[in-house]
Every structure is written in structure tokens, then in C-alpha cells.
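# Close look at the chain arrangement
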Amino acid sequence: MVKIGVIPGDGVGPEVTAQGLAVLELVGGLDGFRYELEEFDLGGERYMATGEVLTDATLARLRSCRAILLGAVGHPGVPPGVLEKGILLKLRFDFQQYINLRPVHLYPGVQTPIRDKGPDDIDMLVVRENNEDLYVGVGGFTRKGTPEEVALQTSVNTRAGVERCVRYAFEQARKRAGAGPFRGLSKADRDAGMTRQVTLVAKTNVLTFAHDLWMRTFEEVGREYPDIKRDYQHVDACCMRMVVSPERFDVIVTTNMFGDIITDLGAVLQGGMGLAASGNLNPEGTAPSMFEPVHGSAPDIAGKGIANPLASVLSVAMMLDHLDVPAAAARIRRAVAQVLAEPGPRTPDLGGKATTAEVGRAVVEALRA
Ligand code: NAD
Ligand code: IPM
Ligand code: MN
């Protein structure tokens, strides 16, 4: 029996997670996947009522899960950072979820705002480092509140942390070779035996310490993968190129902060925040991995029942891949593809009038069919 922890969280988190769980329930039955859920009441409401963010006892119970499904945390009534750092980042760091895997995949039938681009052009995989960089919380203030105030926020990059992330990206590129060669390769690259590409996204022209380490590691590890083309883009140009020529990207490996930013852009390429799924992975399985939409608690639409649940549904599929039930994961992706290919229900972010529950139900029905 696989134990799955569920943290619905704040805002639209519980609304979309309910649909993710409905899909899990059905697919679990179809594929004979036996699991039990443990729900964790964490987030803004709990914090405001009790002052508790995440206790050691709750952390220990979460650790006993094989995987965690999270909705979102972040509450307009709570100062920024309390819940995000206290729950989300705490889990990512304590459970050594050092890879944040964020596919950018445009499903047929979904409108991308990028003119003249379609599903063949928008299919990349962002491997975001998830345990270092500016997210470590190293820094502080001197003379806070005075005109002489200085605030420091340090980016920490370790050789070991960068190397495991870069290596993971090259391995992912090799796996993608199974789906055929990357179309963005030149004839010369193909003649040289290359099948796929990893782009390092950094800022080596300014961050000459941290990103020098990234570049050296990328080059050294990459040499072990002669079948994978090594590409480099500065993060600013990367943003431009993701919009102008998304087809030139295959796997992207990047830092925690840049990965956060470019994956909201990636979400837009694939039809919006409501479709972008992610996995915070502890690849060795020494602690649970955690699956969640890329989006946040969306306070502007929370409580209206109109959030798109598909990012949560697709995060459930990523969770099932991680739990070694790829057939169940593939079944969910097929059902989502079917719903998106038809002129069926769409939430307002995709130009429709359907509710969160109606879209969830459409996926469940597609699974049953
Ligand atoms: P957000 O992702 O919550 O919302 C950005 C925009 O996308 C909003 O207009 C929102 O309505 C829309 N959107 C998001 N999810 C959607 C969905 N499922 N369907 C349709 N539209 C959707 O980002 P934000 O507004 O910057 O942050 C809100 C709060 O969420 C903040 O407290 C932030 O810290 C937190 N946050 C949490 C997570 C997380 O828990 N993983 C991620 C990002 C932001
Ligand atoms: C995300 C979010 C988080 C991040 C925040 C809420 C801490 O934006 O998962 O993309 O920056 O990683
Ligand atoms: Mn983000």
C-alpha cells in the first residue's frame, strides 16, 4: 500500500487538488494501483488560527509518505514568505527534492499566445535546481529601516549540487531520445551522432563566480554524453527565444531562481498557468517527492470554482510516473489530451465558461470511456 500525503493548502489549492484526487481515484481503480491518502491541513487558515506553520511532528508524518500532492500555499492575510518558506521550501529542502521537473508541453487543441507555433514547436523539459541558489535563505539586513540599510541575499552553488542536477538533465535528454531525435538539431549535429540537446540557462556574463561553476560543470558532465548537444543561453536571451523560437529548446537545465521565472513563461507557452505541472524530486527516494501545479494559490480567482484543475491532474500523472505506474500516468495524459482536443468544457483561463469540477468530471469521463 502506497501512502500519499495530500496538502491542499490555500486559495485554489483545495479546489484543483480535489479534481486531481478524483482522477487518481478512478485511475487507481482501473490500474489496480493501491494507495491510501493522508491529508495535511497546512496553510494560511491554520497559521492564522493557531500560529503553526509546519511542526516537527507533521514533518515526520509527511516523511513517512511515499509521495506528496500539494495544491498551493500563500495567503493574502499572511506576510509573504511565511507559508512559502515555512511549508513549500522547507519540504523541498528537508526532503532533498533537489530536482524540480517542469515539462512545457503544448497539447493539441490548446491555444498558445505564440503566433504560428504549435505542439510540434513547444515541447521542452525544464530541469530546475531545487535546493540551492538564492533560495537557501542566507543573508540578512544591516541597519534595517535606516537610510544606510543594506540587505544581502546570497546565492549558494555547490559543485555537488550543480553536478547532480546537470547530470539529471543529460539523463533526461537521453530518455527523450526514445521519442525520436530533437528537430532543432542541425544536419552537422546529427551527422556527429547527436540526438538530443541540453541548454544551460544562466548568466555567465555577470555571475562570474556562481555561473562559472555551472558552466564548468555543464561542460565536464556533458562530455560524458557525446550524443547530447550542449547549448548555452543567457537567461535574458532565453526568455526572448522561448517566445520567438520555442522549437529550439529541448531540455533546459538552470538555477533555482531562473528556473522559477522561466517556467511561468513556459506555462504561458503551453496555454497558461492552469496547465503547468511539476515534480519536486528526490531521485534517490531517501524521502518523499512532491508534486504540484507550477501556479500558486491564485487569490484573484479563489473560491469561485473556476480554477483550471488540469495542472493538478497532470501533476498526479507525474506522481504516478514517479511511483512506477507509468501506464496509469499515460492513461491520465491521454484523457487530458482527449478533453483538450475536443470542443468540450474549458475553464475561463482557456476561454471557456466551465467550472473546475466540470473539467475534472470531463477527464474522469474520458478515463472511463
Ligand atoms: P499565481 O500562480 O497564484 O497566479 C498568477 C495568475 O495565474 C493569476 O491571475 C491567477 O488567477 C492565474 N492562475 C493561477 N492558477 C490558475 C489556475 N489553476 N487556473 C486559472 N488561472 C490560474 O501567482 P501569484 O498571484 O503571484 O501568487 C499568489 C500566491 O501564491 C502568493 O502567495 C504566492 O507566494 C503563492 N505561490 C505559491 C506557489 C506554490 O504553492 N507552489 C506557487 C506560486 C505562487
Ligand atoms: C513555484 C513558486 C515558489 C518558488 C514560491 C511560492 C516559493 O513560485 O513553485 O514556482 O519560487 O519556487
Ligand atoms: Mn514560481
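Keep in mind the model is a prediction, meaning the values are calculated, not measured.

### Observations regarding the domain arrangement of the protein chain
Under the domain assignment, the protein chain is made up of domain 1 (1–97 + 278–369) and domain 2 (111–269). The leading source of residues in the side of domain 1 that touches domain 2 is helix α4 (residues 82–94), at 4 residues. Class assignment for the residues of the side of domain 1 that touches domain 2 results in 4 nonpolar, 3 polar and 2 charged.

### Some points on the site of ligand 1
For ligand 1, the set of nearby residues contains 22 residues, the closest of which are Gly74, Gly274, His295, Gly296 and Asn308. Tallied by class, the residues present in the shell around ligand 1 amount to 11 nonpolar, 7 polar and 4 charged.

### Focus on the packing of helix α11 (residues 326–341) against helix α12 (residues 356–368)
Put simply, α11 and α12 touch, their axes get as near as 9 Å, and they point 115° apart. Relative to α12, α11 is oriented so that their crossing is right-handed. Residues Arg331, Ala335, Val336, Gln338 and Val339 of α11 pack against Ala362, Val363, Ala366 and Leu367 of α12. Per-class residue counts for the contact of α11 with α12 are 7 nonpolar, 1 polar and 1 charged.

### Examining unusual backbone geometry
In the Ramachandran plot, Gln96 falls in the positive-phi region, its phi being about 45° despite a non-glycine side chain. By the secondary structure assignment, Gln96 is in the loop between α4 and β4 (99–105). Residue classification places Gln96 among the partly exposed residues on the basis of 17 C-beta atoms within 10 Å. With phi around 45°, Ala298 is a residue other than glycine that occupies positive phi space. Looking at where Ala298 falls in the secondary structure, it is placed in the loop between β12 (289–293) and α10 (310–322).

Cut-off values and rules
Residues numbered from 1 in each chain as written. Chains lettered and ligands numbered in written order. Predicted model: local features only at pLDDT ≥ 70, side-chain atom pairs only at ≥ 80, totals over all residues. Domains from an automatic or database assignment. Helix = DSSP H or I, 4+ residues; strand = E, 2+ residues; numbered from the N terminus. Nonpolar A, V, L, I, M, F, W, Y, C, P; charged D, E, K, R; others polar. Near = placed C-beta within 6 Å. Axes fitted to C-alpha atoms, helices over the stretch in contact; angles between N-to-C directions. Left-handed = near helix turned anticlockwise from the far one by under 90°. Contact = placed C-beta atoms within 7 Å. Buried ≥ 20, exposed ≤ 12 C-beta atoms within 10 Å, placed from the backbone.

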